[in-house]
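Coordinates in review
Here is what each chain is made of, one letter per residue.
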2 protein chains.
Amino acid sequence: MIEVRRRFFIMSELTNSRYNCQNGIVQPLLTDLYQITMAYAYWKSKKTDDYAVFDLFFRKNPFSGEFTVFAGLEECLKFIQKFRFSDSDIAYLRQILPSSIENEFYEYLKTLTADHIKFYAVKEGTVVFPRIPLIRVEGQLVVAQLLETTLLNLVNYASLMTTNAARYRLAAGHLKLYEFGLRRAQGPDGGLSASRYSYIGGFDGTSNVLAGKLFHIPVKGTHAHAYITSFNSIDELQLTMLRNSNTDTDENFVHPVLKWREKLISMFGVILSEVSNGELAAFISFAIAFPDGFMALVDTYDVKKSGLINFCAVALGLHDFGYKALGVRLDSGDLAYLSNVAREYFNNIGNKYNVPYFGKLVIMASNDINEETILSLNDQDHKIDSFGIGTHLVTCQKQPALGCVYKMVELNGEPRIKLSQDVGKVTIPGKKDVYRLYGAAHSLIDLLQKAEELPPVAGQKTLCRHPFQVFLLNL
Amino acid sequence: MIEVRRRFFIMSELTNSRYNCQNGIVQPLLTDLYQITMAYAYWKSKKTDDYAVFDLFFRKNPFSGEFTVFAGLEECLKFIQKFRFSDSDIAYLRQILPSSIENEFYEYLKTLTADHIKFYAVKEGTVVFPRIPLIRVEGQLVVAQLLETTLLNLVNYASLMTTNAARYRLAAGHLKLYEFGLRRAQGPDGGLSASRYSYIGGFDGTSNVLAGKLFHIPVKGTHAHAYITSFNSIDELQLTMLRNSNTDTDENFVHPVLKWREKLISMFGVILSEVSNGELAAFISFAIAFPDGFMALVDTYDVKKSGLINFCAVALGLHDFGYKALGVRLDSGDLAYLSNVAREYFNNIGNKYNVPYFGKLVIMASNDINEETILSLNDQDHKIDSFGIGTHLVTCQKQPALGCVYKMVELNGEPRIKLSQDVGKVTIPGKKDVYRLYGAAHSLIDLLQKAEELPPVAGQKTLCRHPFQVFLLNL
């Protein structure tokens, strides 16, 4: 027995108020000038109240993939609800448009809202496929046309980014994924959107604090190489005391750590002069600041000869004081190999000194990771628990744009088609509804119907046509 | 004789107030969490007043190219001038940071500003090269560190975009270039930044109205395919009258256009049934709305058999009425070939009916243009006057991120270095100034010196070392 689920929802079913804020630059002028010139030409031709239907859809899944995740809807809804030209917008348009434009048009523009637009959409986060309308906009021709560019802008990158994140999630399986791309993102909002939509796509958190504040996304972070290089020697440490949570007294934390380090140096046969004292001082100071959340970047000098030794010395010191360290981050080198080395250090120390959780310390990797790196690491038997992913995630390196388009499919009740010598660019005319048909185990097919047709019914035969194939589906 | 020009300018020399607005999301929390956790660890270690010097630079020119154009500075300056955590920022940080963090730290954060930071930078729009510091930040360690992520975010995409635009400009020579990428840009701000920085990089304008309003960039646009398909026939035209500017009376505009179309149909031997009446109606209505600015999209149906015929008929009608049409836009097909066809139509009609400017009507092309398309069109003897460029420009398809980094090079007067097994990642330590040395014809070399050294002097010998070569330059 097949189940039929409606894919299209009307605005009141789509809105929720989780995110109140909206980027202030999302406003009616965030559009292409031709939308305004067309609005004038429609107005002048007395076509403003023609009743139009537009479909927003894409033609090809991104990243040579088999699916897309629809996102950006929340921002579209806020945009539509607040759609109105301000006095300053009108003043600016008067400056840049030809002086022949009639004054009444500006009066008309000022009155426009999207209040009478009927807005249908697939729910945010839905897996979608090419040519299925993601959004259908119905109503006054001029208003529906004026929404085009902004809706496309809000959906295109959001859906691309969410899809990209979902692909990383599929590659990484159960491992933790964090978005670290703010510094390389395409501008401030590119950074915020990347954090938000990678979370929707399945990431566990972000380093972007503002994204955390605005969108209630978990925020993650420890320290950078600069923190390590800002210390030269143990003597520089001005704060050496840490509360011992077993005894609840403040005790010197440096001495026990130095003792642990001596033991580890001999245990792992490394050379004292190669173990950085600046790095150790940085780790100690960070552990004193965050005794319950100590996570260290271990590749500023040499991971095996310095970083891991210093980290483990501090982690064992924390253990003596009744705290548990979190783990390490690797930001360069052969990540599979180094993660195995780190895990071996942790296991050996955990066994030798009877600290059972040591073997489970987190190993995070974060150097130029992309989907292929993760897949290739999977083949190499790595010991990484989590990835911090920046540039390639947020810029969608593999394909930096999704090609959503917004096409008129009906006007005043008559279907419209955009012809093209490129068959792929021909639109499917008419007002359509979308249904997804489910079998027992999973979804089977997305079905497009004319809006006036009755919905398919589970248990009844439904004729499903493909542009190139016809087959009969037993519901 | 060689001229020496200082490349680094201090803040007061850099600020201008052309753009007052700033995106509201550029604020101190638009950063990575680890900047805040490091700030706490510095504070806890009593290192907050250490005096640090950071360099912002990149290691490799983008797009396999030979240069980069520095941009984003204006936004950096505004960010620094307004840098201050709000009460709501502090409240949020209290929520997400460990409860062990001392209350005094939050009090301390609240007092921070960048007022005592010394900020040096290369001027916006300067051509720059790898490893030259674009920005040098000096001052209180904690503040200088807290600026990192936001400065990188503001410089990275801005410089990448400006460089990309400059490359399109070099490829296109004197042709007009317009940025049309808003709908495919990486979010709302990605779109605004693309418009702004493509203009700095040498474009002539944008379709993005808000960018025009905020940044005083020329805005360009006509109509979309939807406008054309919204008309079915000539009978639909509700407005048929246009002011004849020769006689200053309102006259029927449809009849003369239809007469011209008959002549052109026979002149070019096309078939009446293949010339779209909907398209003609759309063109007429658009010309009536914009008689002084008529530019038409001619590829909705067939460029040769319909679009050009309808456009020329309307343009000749406008000529009779004392107006000059602007030209056509081609958005599909073989652009070199179609531009030659269009130019031939225009020349033949101009000659036959003695309308001299007809041969010079603008031909704009706008379908998936990138740098390679322009270079390839250059080889094909096209007749295009201007390009509208979207997706590939704004997403920087060839390389979607510039790798600017921000590295500590000095602390409390002592040079600092970030070592790496990857030699390319080793930093150049110490506080440096930058000079550009000019010969008679062009610039010769960028010279990095320790900040305390005297500037090079024109007419005196200066030893210039390359990491791998040494040579003597006669100034």
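Rules and cut-offs
- Residues numbered from 1 in each chain as written.
- Chains lettered and ligands numbered in written order.
- Predicted model: local features only at pLDDT ≥ 70, side-chain atom pairs only at ≥ 80, totals over all residues.
- Heavy atoms only, no water.
- Helix = DSSP H or I, 4+ residues; strand = E, 2+ residues; numbered from the N terminus.
- Rg over C-alpha atoms; globule rule 2.2 N^0.38 Å.
- Buried < 20%, exposed > 50% of the residue type's maximum accessible area, 1.4 Å probe, protein only.
- Contact = heavy atoms within 4.5 Å.
- Lys, Arg positive; Asp, Glu negative; His and termini not counted.
- Charge placed at Lys NZ, Arg CZ, Asp CG, Glu CD.
- Salt bridge = Lys/Arg side-chain N within 4 Å of Asp/Glu carboxyl O.
- Polar contact = N/O pair within 3.5 Å; in protein donor to acceptor, adjacent residues only side chain to side chain.
- Nonpolar A, V, L, I, M, F, W, Y, C, P; charged D, E, K, R; others polar.
- Pairing = 2+ DSSP bridges.
- Axes fitted to C-alpha atoms, helices over the stretch in contact; angles between N-to-C directions.
- Least-squares fit on C-alpha atoms with pLDDT ≥ 70 in both.
- Domains from an automatic or database assignment.
- Phe/Tyr/Trp six-rings, centres within 6.5 Å; stacked < 30°, edge-to-face > 60°.
- Lys NZ or Arg CZ within 6 Å of the ring centre and 35° of its normal.
- Right-handed = clockwise from strand over helix to strand, strands pointing away.
- Arc of directions from axis to C-beta.
- Parallel < 35°, antiparallel > 145°, perpendicular 65-115°, else oblique.
- Left-handed = near helix turned anticlockwise from the far one by under 90°.
- Expected span 1.5 Å × (residues − 1).

Helix and strand counts for chain A come out as 16 helices and 21 strands. In summary, chain A has a C-alpha radius of gyration of 29 Å against a globular reference of 23 Å for 475 residues, an excess of more than 25%. Its C-alpha atoms give chain A principal-axis dimensions of roughly 85 × 60 × 45 Å. Going through the 475 residues of chain A one by one, you find that 61% of them count as buried. Within chain A, contacts between residues separated by at least 24 positions form 74% of all contacts whose residues are at least 6 apart in sequence. Side chains of chain A give 49 positive and 49 negative charges; the mean places of these two sets differ by 5 Å.

How big an interface is tends to be reported as the loss of accessible area on association of its parts. Taken together, the contact between chain B and chain A spans 100 residues of the former and 101 residues of the latter. Where chain B meets chain A, there are 8 salt bridges. When the shortest N-O distance is used, the salt bridge between aspartate 89 of chain B and lysine 213 of chain A registers 2.8 Å. Remark: the boundary between chain B and chain A carries 42 residue pairs in polar contact (both at pLDDT 80 or more). It is helix H2 (residues 33-44) of chain B that provides the largest number of residues to the side of chain B that touches chain A, a total of 10 residues. Its residues assigned to classes, the side of chain B that touches chain A comprises 47 nonpolar, 35 polar and 18 charged.

All names here are of chain B. Ordered in space as E2-E5-E7-E3-E16-E17, the 6 strands form an open sheet in which the pairing is antiparallel. The open sheet is flanked by strand E2 (9-10) and strand E17 (414-415), the only strands paired with a single partner. Bridge count between E2 and strand E5 (residues 118-121): 2 bridges; the pairing is antiparallel. Each bridged residue has a counterpart across the sheet, and for isoleucine 10 the counterpart in E5 is tyrosine 120. Helix H7 (residues 148-172) rests against strand E3 (51-57), E5, strand E7 (135-140) and strand E16 (405-411) of the sheet, and its axis sits at about 135° to E16.

Oppositely charged side chains may form a pair once their charged atoms are brought near each other. Scanning the entire structure with this criterion turns up 50 salt bridges over all chains. Notably, a salt bridge pairs arginine 416 of chain B with glutamate 414 of chain B, separated by 4.0 Å at the nearest N-O pair. The exposure class assigned to arginine 416 of chain B is buried, which follows from its relative accessible area of 7%. Accessibility expressed as a relative area gives 42% for glutamate 414 of chain B, which makes it partly exposed. Counted as one network, the salt bridges with shared partners bring together Arg136, Glu138, Lys431 and Asp433 of chain A.

What follows is about the relation of the copies chain B and chain A. Laying chain B over chain A is done by rotating through 180° and shifting 0.0 Å along the axis; what remains is an RMSD of 0.0 Å. Both copies of the chain, as the preceding transformation shows, are related through a two-fold rotation axis. For chain B, the residue whose C-alpha comes nearest the rotation axis is aspartate 189 of chain B, separated from it by 2.6 Å. The fraction of interface residues of chain B whose copies in chain A are also interface residues reaches 100%, indicating that both copies meet through the same surface.

Take the environment of asparagine 367 of chain A next. In this fold, asparagine 367 of chain A is placed in the loop between strand E14 (362-365) and helix H15 (371-378). In this structure the C-alpha to C-alpha distance between asparagine 367 of chain A and glycine 388 of chain A, which are 21 residues apart in sequence, comes to 7.9 Å. The residues touching asparagine 367 of chain A, leaving out its near neighbours within four places in the chain, are Leu330, Asp331, Ser332, Gly333 and Leu335 of chain A together with Lys425 of chain B.

A few words now on the environment of glutamate 66 of chain B. Residues and elements named next belong to chain B. Relative to the helices and strands, glutamate 66 is located in the loop between E3 and strand E4 (68-69). For glutamate 66, a relative accessible area of 65% translates into the label exposed. Leaving out residues up to four positions away in the same chain, glutamate 66 has contacts with Asn61 and Phe129.

The next point concerns the domain arrangement of chain A. All names here are of chain A. Here the domain parsing of chain A yields domain 1 (3-160 + 400-474) and domain 2 (170-394). Distance from the C-alpha centre of domain 1 to the C-alpha centre of domain 2: 45 Å. At the boundary of domain 1 with domain 2, the tally comes to 1 salt bridge. Here glutamate 75 and arginine 196 are joined by a salt bridge, their closest N and O atoms 2.7 Å apart. There are 2 residue pairs in polar contact (both at pLDDT 80 or more) connecting domain 1 and domain 2. Counting residues per element, the ones that place at least two in the side of domain 1 that touches domain 2 are helix H3 (73-82) and helix H7 (148-172). Here the side of domain 1 that touches domain 2 is built from residues that sort into 6 nonpolar, 2 polar and 4 charged.

What follows covers the sheet that holds strand E9 (residues 205-206) of chain A. The strands making up a sheet associate through hydrogen bonds between their backbones, and the pairing can be parallel or antiparallel. Residue and element names in this part refer to chain A. Strand order in the open sheet formed by 6 strands is E9-E8-E15-E14-E13-E12, with parallel pairing between adjacent strands. The two strands at the open ends of the sheet, each matched to only one other strand, are E9 and strand E12 (295-297). Taken together, the 2 bridges between E14 and strand E15 (residues 386-389) define a ladder with parallel strand orientation. Paired with methionine 364 across the two strands is serine 386, which belongs to E15.

Across all of its chains, the model carries 44 aromatic pairs over all chains by this definition. With 4.7 Å between their ring centres and 15° between their planes, phenylalanine 54 of chain A and tyrosine 406 of chain A make a pair best called stacked. Taken together, the residues phenylalanine 54 of chain A in strand E3 (residues 51-57) and tyrosine 406 of chain A in strand E16 (residues 405-411) connect sequence positions 352 residues apart. Each member of the pair phenylalanine 54 of chain A and tyrosine 406 of chain A is classed as buried. The rings of Tyr40, Tyr42, Trp43, Phe105, Tyr106 and Tyr108 of chain A together with Tyr227, Phe231, Phe286 and Phe290 of chain B are connected pair by pair, giving a single aromatic cluster. The ring of phenylalanine 215 of chain A is capped by arginine 196 of chain A, whose NZ or CZ atom sits 4.6 Å from the centre of that ring.

A few words now on the pairing of strand E8 (residues 176-179) of chain B. Bridge analysis of E8 of chain B against strand E15 (residues 386-389) of chain B gives 4 bridges, and the strand direction is parallel. Looking at E15 of chain B, one finds that tyrosine 178 of chain B is bridged to glycine 388 of chain B.

The next subject is the environment of glycine 72 of chain A. Residues and elements named next belong to chain A. As for its position among the elements, glycine 72 is in the loop between strand E4 (68-69) and H3. For the pair formed by glycine 72 and valine 155, sequence separation is 83 residues and the distance between their alpha carbons is 4.7 Å. Other than its neighbours up to four places away in sequence, glycine 72 contacts Glu124, Leu154, Ala158 and Tyr197.

With that settled, the discussion passes to the pairing of strand E8 (residues 176-179) of chain A. Residue and element names in this part refer to chain A. Here E8 pairs with E9 via 2 bridges, running parallel. Its bridge partner being in E9, glutamate 179 is matched across the sheet by threonine 206. Handedness of the crossover joining E8 and E9 through helix H8 (residues 187-200): right-handed.

Turning to helix H4 (residues 87-96) of chain A, a few remarks are in order. Think of an α-helix as turning once every 3.6 residues; residues three or four places apart then point the same way. Burial in H4 of chain A covers these residues: Asp89, Ile90, Tyr92 and Leu93 of chain A. In a view along the axis of H4 of chain A, the buried residues occupy a sector of 160°, so they form one face of it. Seen from the open side of H4 of chain A, the exposed residues pointing more than 90 degrees away from its buried face are Asp87 and Gln95 of chain A. On its buried face, H4 of chain A is in contact with helix H2 (33-44) and helix H5 (103-111) of chain A together with helix H9 (209-215) of chain B.

Here we come to unusual backbone geometry. Of note, phenylalanine 63 of chain A is a non-glycine position whose phi angle comes to about 60°, a positive value. With respect to the helices and strands, phenylalanine 63 of chain A occurs in the loop between E3 and E4.

Residues and elements named next belong to chain A. The interhelical angle for the contact between H7 and H8, taken along N-to-C directions, is 50°, at an axis separation of 8 Å. By the criterion of interaxial angle, the relationship of H7 to H8 is oblique. Of the two possible hands of crossing, H7 and H8 adopt the one that is right-handed. Counting all contacts with H7, which are made through Tyr157, Ala158, Met161, Thr162 and Ala165, the residues of H8 involved are Gly190, Ser193, Ala194, Tyr197, Ser198 and Ile200. Considered class by class, the residues forming the contact of H7 with H8 number 7 nonpolar, 4 polar and no charged.

In this model helix H12 (residues 277-289) of chain A runs 18 Å from its N-terminal to its C-terminal C-alpha over 13 residues, within 8% of the 18 Å that 1.5 Å per residue would give. Where burial is concerned, most of H12 of chain A is hidden: 12 out of the 13 residues are buried. Those residues of H12 of chain A not exposed but buried are Gly278, Glu279, Leu280, Ala281, Ala282, Phe283, Ile284, Ser285, Phe286, Ala287, Ile288 and Ala289 of chain A. Lining the buried residues of H12 of chain A we find helix H10 (225-229), strand E10 (241-244), helix H11 (254-268), E12 and helix H13 (303-320) of chain A together with H2 of chain B.

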